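Working through the structure, step by step
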Protein chains: 4
Amino acid sequence: MAQSDTVTRILDTAEVLFAERGFAETSLRNITSKARVNLAAVNYHFGSKKALIQAVFARYLDPFSERFHEALDELQARHGEQQIPLEVLLETMATTVLTVPAERNSLKVFMRLLGLAYSQAQGHLRRYIHEQYGDVFTRFVELVRQATPGLPDAERFWRLHFMLGTVIFTLSGLDALRDIADKEYGEQVSIRDLVRRLRPVVVAAMHAPLPATLEEPSHVHPEAG
Amino acid sequence: MAQSDTVTRILDTAEVLFAERGFAETSLRNITSKARVNLAAVNYHFGSKKALIQAVFARYLDPFSERFHEALDELQARHGEQQIPLEVLLETMATTVLTVPAERNSLKVFMRLLGLAYSQAQGHLRRYIHEQYGDVFTRFVELVRQATPGLPDAERFWRLHFMLGTVIFTLSGLDALRDIADKEYGEQVSIRDLVRRLRPVVVAAMHAPLPATLEEPSHVHPEAG
Amino acid sequence: MAQSDTVTRILDTAEVLFAERGFAETSLRNITSKARVNLAAVNYHFGSKKALIQAVFARYLDPFSERFHEALDELQARHGEQQIPLEVLLETMATTVLTVPAERNSLKVFMRLLGLAYSQAQGHLRRYIHEQYGDVFTRFVELVRQATPGLPDAERFWRLHFMLGTVIFTLSGLDALRDIADKEYGEQVSIRDLVRRLRPVVVAAMHAPLPATLEEPSHVHPEAG
Amino acid sequence: MAQSDTVTRILDTAEVLFAERGFAETSLRNITSKARVNLAAVNYHFGSKKALIQAVFARYLDPFSERFHEALDELQARHGEQQIPLEVLLETMATTVLTVPAERNSLKVFMRLLGLAYSQAQGHLRRYIHEQYGDVFTRFVELVRQATPGLPDAERFWRLHFMLGTVIFTLSGLDALRDIADKEYGEQVSIRDLVRRLRPVVVAAMHAPLPATLEEPSHVHPEAG
DNA sequence: AATGAATGAGGATTCATTCAT
DNA sequence: AATGAATGAATCCTCATTCAT
């Protein structure tokens, strides 16, 4: 367990610091000194900073990917030939997202990391995530497709990303928003509160009427219906 | 034009590089060498890298803030005592957001920058933006409040941020998403297309039913209604 | 008087900053910004930082040199062929040193500058002072020689420097020492108090018995006498 | 010996350059290039330039402080209840000051450094020295107090600093003064010669008559007696 | 007489990485 | 399996000085 100890300490420290400051702003010195580990240990155990970043994600995404596959297996087994409703799909994903990091008590960190993965200039990371975990996402999207037969493919693609933005933006900036909500409205929101709030919004967004086509005269506001 | 030239070249180069790589990943050397300007010029004209980052934002947000105030003035003048509908408010904001940077042909850059402002570890930047431009946003939020009288204040707060996430996430990751959309669905989306697509989604999200309260028995799924 | 104004402001500011921080630690930017003068003004009016340092000293040493020459003229006229007592010479120097900068209310600054001139690595400055003001000092030393006929030349040379050290060290570190004296002994000493204290010490030091010669057997401690 | 080698080379080089030019005027590049050591080595081994400066002093003052404590222990053991004469105290200090750096063949450097510590704008250094070595000095002052019962406390405070100035000023400017003494009087003085010369002067200064009080009528020149 | 702009050299410090042990 | 030492490259920033106006 000697190796495991050092490796774990590095990962534990790295994920917190990355989540707090971002990747470029967190130096290996920051990590190793806070983890009380030798400076060379990161390169020794992981090979490079990039590999460390990927390892941090893998520690979340590997179990997530596995559980989500299992959950979808179960869902499909239960529904057989029947279509799985959108709400159930979303609920399943939410549950899995909440379950996995909850075991490590660091949902917030995971969310921040996800946000960073999209916004920080780490091409290697996006590539890595896509290669390693692309298929679960693809499987999920296909099920969503079956659940929303009325939605053109392109429209569904965009709406899923709209919602991804909603979720990642909100959850990754959670601390700041929570502070404001507390100060302004006296609300102490938990992540579960937030998921509760997100549910109707996401469903409504996915079910929103189609946009007017560009060529169409704009005198009828599509959202007015 | 001597000063204007150097200063402008620095700003033009900086905003592009910042948008491409982020702040920490862009060095002053990167900027000055690409702008073919002396390395010390940034510190001479702006004082520090932080101040340069703020100046890059100011060049967008100053005119935006001004135009948006004007647009809201006009809206309020036109509606008098009457309530301004939510759709009109959103439309006005969208128009202003699209107009201002369009004049500089760099809407995409502006969107990336906005996204970075939220996700990158630049506390000073968030503080700066809040101090300089907080009041336009506050004014807008107040008008949204009047336009959505049925929405509890806290709920409106969260939904606005949900939508902010949607917009910023989508527009700041635009290039990557556009590539995928093109490859998968043969769609060449312009930003205006995207705004058209966003409209019904945002409206539906704001009008979504209220979430079930926590104390309520959870056997009724709120989104099932 | 336009030029005079800028030049004076620069000199006034420079002498204070030099006295506070030393020469290398004071940048032209420090000086010009505090003096609210253009950065290029120093080089324009003085040619270089070195020349500014010299000018700062000249503003004190020119009048000092002149007054001291006059005072010595007067002394010699009064004593004619008679020897001028050491005490009178010292008193005359003290008076001149106190008089000149007192007119500019900056005795303390002058003393700090003198101390710096000796300790800071400004070869050009020592050379400049020696060239410009060496002759007054030489004249004074010659009178001291006549007043202390029993003292070997080399011994006198060293004792004069011992005393120079006493005076410059004390007066240039005055602020710190004054603070301690105040805290520990409840004394608020003025520079005039200090001079009063210095007088008997300097006189006793100059009149101290000659040291034992090196060749002499060391069983008699010279200071025991 | 790998570490010791680099660290020692840095310290050896730094103390010489600091003594020659002062702290601000000596860059880390100066030091590392002359010591043929990597530029980053200073920050690696010492952390910062400030810490290097302190380390340079510590290498002298640590053994000095230790030896001086021992010497005073021995003195007090020998004299028991009896008072230790001022001459013996001064002699002891002189001996210790001469002994310690002599082992490193760099008395001159040590003296220059001591002078710089007082005159250069390195607040951190004065603070460091005071914190680390204040107690030896305090102990010495207390013994001086017992050896000069006739001297008011404040007067003793000032006279000790007068003499400190004499010694530091002379010894830290030694090279220049030695050159002059050689040229003018054909004297090659060693440091031991200088100490021999300092002895009677310092003793006489400490035993000088008290100054006239301020309130006293000034028609009697106090030093005329 | 004076100044805003600009510059090249150099400042201390931090970086991720390598290597001998 | 692990580490202390070391390094070359790069970081941001400040410097005194110059120059066109």
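Residues numbered from 1 in each chain as written. Chains lettered and ligands numbered in written order. Predicted model: local features only at pLDDT ≥ 70, side-chain atom pairs only at ≥ 80, totals over all residues. Heavy atoms only, no water.

As recorded in an unreviewed UniProt entry, chain A goes by the name TetR/AcrR family transcriptional regulator, listed as coming from Vreelandella malpeensis.

**Some points on the overall build of chain A**
Rule in force here: The helix and strand labels rest on DSSP assignments: H or I over at least four residues marks a helix, E over at least two residues marks a strand, and numbering proceeds from the N terminus. Think of it in three bands: with a 1.4 Å probe and only protein chains considered, a residue is buried below 20% of the maximum accessible area for its type, exposed above 50%, and partly exposed in between. Any two residues whose heavy atoms approach within 4.5 Å at even a single point are treated as in contact. Each accessible area value is a Shrake-Rupley result obtained with a 1.4 Å probe; residue values ignore everything except the protein chains displayed when judging cover. Charge convention: Lys and Arg are scored as positive, Asp and Glu as negative, and His as well as the terminal groups of each chain are ignored. Note on charges: their place is set at NZ of Lys, CZ of Arg, CG of Asp or CD of Glu.
On a plain count of helices and strands, chain A comes out with 10 helices and 0 strands. Taken along its principal axes, the extent of the C-alpha atoms in chain A is 65 × 45 × 35 Å. Taken over 225 residues, chain A has a buried fraction of 50%. When contacts within chain A are restricted to residue pairs at least 6 apart in sequence, those whose partners lie at least 24 apart make up 71%. Of the roughly 10,900 Å² that chain A leaves accessible, carbon and sulfur atoms contribute 53%. Seen as two clouds, the 25 positive and the 28 negative side-chain charges of chain A have centres 8 Å apart.

**A look at the relation of the copies chain D and chain C**
Put simply, the rule is: What sets the superposition is a least-squares fit of C-alpha atoms, and only residues with pLDDT of at least 70 in both copies go into it.
Superposing chain D onto chain C requires a rotation of 179° together with a translation of 0.1 Å along the rotation axis, leaving an RMSD of 0.1 Å. What the superposition gives is, in effect, a two-fold axis relating one chain to the other. The C-alpha atom lying nearest the rotation axis in chain D is that of T166(D); the distance is 2.3 Å. A symmetric contact is evident, with 96% of the interface residues of chain D recurring at the interface of chain C.

**Focus on the interface of chain B and chain A**
Put simply, an interface is often sized by how much accessible area is lost when its parts join up. Applied cut-off: Throughout, buried area stands for the accessible area (probe radius 1.4 Å) lost by two parts on being put together, summed over both. One side-chain nitrogen of Lys or Arg within 4 Å of one carboxyl oxygen of Asp or Glu is enough to make a salt bridge. Polar contacts here mean pairs of N or O atoms no more than 3.5 Å apart (in protein, one a potential hydrogen donor and the other a potential acceptor; neighbouring residues in sequence count only if both atoms are side-chain atoms). Under the grouping applied here, Gly and all other residues not named as nonpolar or charged are polar, the nonpolar ones being Ala, Val, Leu, Ile, Met, Phe, Trp, Tyr, Cys and Pro and the charged ones Asp, Glu, Lys and Arg.
On the side of chain A, 54 residues touch chain B, which itself brings 54 residues to the contact. Overall, the association of chain B and chain A removes approximately 4,600 Å² of surface from exposure, summing both partners, and the carbon and sulfur fraction of that is 73%. The shortest N-O distance in the salt bridge between R197(A) and E155(B) comes to 2.6 Å. For the pair chain B and chain A, the number of links is 7 residue pairs in polar contact (both at pLDDT 80 or more). For the side of chain B that touches chain A, the secondary structure elements donating two or more residues are helix 1 (2-21), helix 6 (107-119), helix 8 (153-172), helix 9 (174-185) and helix 10 (191-206) of chain B. The biggest single contributor to the side of chain B that touches chain A is helix 8 of chain B, with 15 residues. Among the residues making up the side of chain B that touches chain A, the classes are represented as 31 nonpolar, 8 polar and 15 charged.

**As for the relation of the copies chain B and chain A**
With an RMSD of 0.1 Å, chain B superimposes on chain A once it is rotated by 179° and translated 0.0 Å along the axis. Residue by residue, 94% of the interface of chain B is reproduced at the interface of chain A, so both copies engage with the same surface.

**Quick look at the packing of helix 10 (residues 191-206) of chain A against helix 8 of chain B**
Here is the rule: Every axis in this analysis is a line fitted to C-alpha atoms, fitted for helices over the stretch in contact. Angles between the N-to-C directions lie between 0 and 180 degrees. Reported orientations rely on four angle classes, namely roughly parallel under 35 degrees, roughly antiparallel over 145, roughly perpendicular from 65 to 115, and oblique for the rest. Note: crossing handedness is left-handed where the near helix turns anticlockwise from the far helix by less than a right angle, and right-handed where it turns clockwise.
Look at helix 10 of chain A against helix 8 of chain B: their axes get within 11 Å of each other, and the N-to-C directions meet at 70°. Relative to helix 8 of chain B, the element helix 10 of chain A lies roughly perpendicular. Our pair here, helix 10 of chain A against helix 8 of chain B, has a crossing hand that is right-handed. Residue-level contacts link L194(A), R197(A), L198(A), P200(A) and V201(A) of helix 10 of chain A to A154(B), E155(B), W158(B), R159(B), F162(B) and M163(B) of helix 8 of chain B. A breakdown of the residues in the contact of helix 10 of chain A with helix 8 of chain B according to their chemical character gives 8 nonpolar, no polar and 3 charged.

**Considering the protein's contact with DNA strand F**
Threshold: If even one non-hydrogen atom of a residue comes within 4 Å of a molecule or strand, that residue is called near it.
The immediate surroundings of DNA strand F are formed by 31 residues, with N38(A), R29(B), N38(D), Y44(D) and H45(D) found nearest. Here the atoms of DNA strand F within 4 Å of the protein split so that 60% fall in sugar or phosphate, with bases taking the remainder. A distance of 2.7 Å is found between a phosphate oxygen of DNA strand F and a side-chain nitrogen or oxygen belonging to T6(D). Elements with a contribution of two residues or more to the surface near DNA strand F: helix 1 (2-21) and helix 3 (41-46) of chain A, helix 2 (28-34) of chain B, helix 2 (28-34) of chain C together with helix 1 (2-21) and helix 3 (41-45) of chain D.

**Here we look at the interface of chain D and chain C**
Taken together, the contacts link 55 residues of chain D with 54 residues of chain C. Our enumeration of links across chain D and chain C arrives at 7 residue pairs in polar contact (both at pLDDT 80 or more). If you list the elements that add at least two residues to the side of chain D that touches chain C, you get helix 1, helix 5 (86-102), helix 6 (107-119), helix 8 (153-172), helix 9 (174-185) and helix 10 (191-206) of chain D. Ranked by the residues each element gives to the side of chain D that touches chain C, the list is headed by helix 8 of chain D, at 15 residues. Looking at side-chain class alone, the side of chain D that touches chain C contains 31 nonpolar, 8 polar and 16 charged residues.

**Some remarks on the pattern of salt bridges**
Two side chains carrying opposite charge are able to pair once their charged atoms lie near each other. Tallied over the full model, the rule gives 40 salt bridges over all chains. Between D73(C) and R139(C) there is a salt bridge; the shortest N-O distance is 2.6 Å. One end of the pair, D73(C), is in helix 4 (residues 49-79); the other, R139(C), is in helix 7 (residues 123-147), and 66 residues separate them in sequence. Accessibility expressed as a relative area gives 43% for D73(C), which makes it partly exposed. Salt-bridge contacts for D153(C) lead to R156(C); the nearest nitrogen and oxygen are separated by 3.0 Å. Placement of the pair is D153(C) and R156(C) together in helix 8 (residues 153-172), with a separation of 3 residues, close to one helical turn. Owing to a relative accessible area of 37%, D153(C) belongs among the partly exposed residues under this scheme. Here R156(C) falls in the buried class, since its relative accessible area comes to 4%. Within the structure, one salt-bridge network assembled from shared partners comprises E155(A), R159(A), E187(B) and R197(B).

**Here we look at the nonpolar core**
The line we're drawing: Each nonpolar core is a collection of buried residues, namely Ala, Val, Leu, Ile, Met, Phe, Trp, Tyr and Cys, held together in the definition by side-chain atoms within 4.5 Å.
Counting 143 residues, the largest nonpolar core has L52(A) and L52(B) as its most contacted members. When sequence neighbours within four positions are dropped, the list of residues in contact with L52(A) reads I10(A), L11(A), A14(A), F18(A), L28(A), I31(A), V42(A) and F46(A).

**A look at the UniProt feature "DNA-binding region" (unreviewed entry) in chain A**
In plain terms, the rule: UniProt positions are given in the numbering used here, feature names are shortened, and annotations may be inferred rather than shown by experiment.
Residues given the UniProt feature "DNA-binding region" (unreviewed entry) here are residues 27-46 of chain A. The annotated region residues 27-46 of chain A carries 65% helix and 0% strand content, and the separation between its end C-alpha atoms amounts to 15 Å.

**With respect to a negative patch on the surface**
Residues and elements named next belong to chain A. The condition that has to hold: Patches here: salt-bridge-free residues with over 30% relative accessible area, like charges joined within 9 Å, nonpolar side chains (Val, Leu, Ile, Met, Phe, Trp, Tyr) joined within 5 Å.
A cluster of acidic side chains, namely D62, E66, E70 and E74, defines a negative patch on the protein surface. Along the chain, the position of E74 falls in helix 4 (residues 49-79). In this structure E74 comes out as exposed when scored by relative accessible area, which is 53%.

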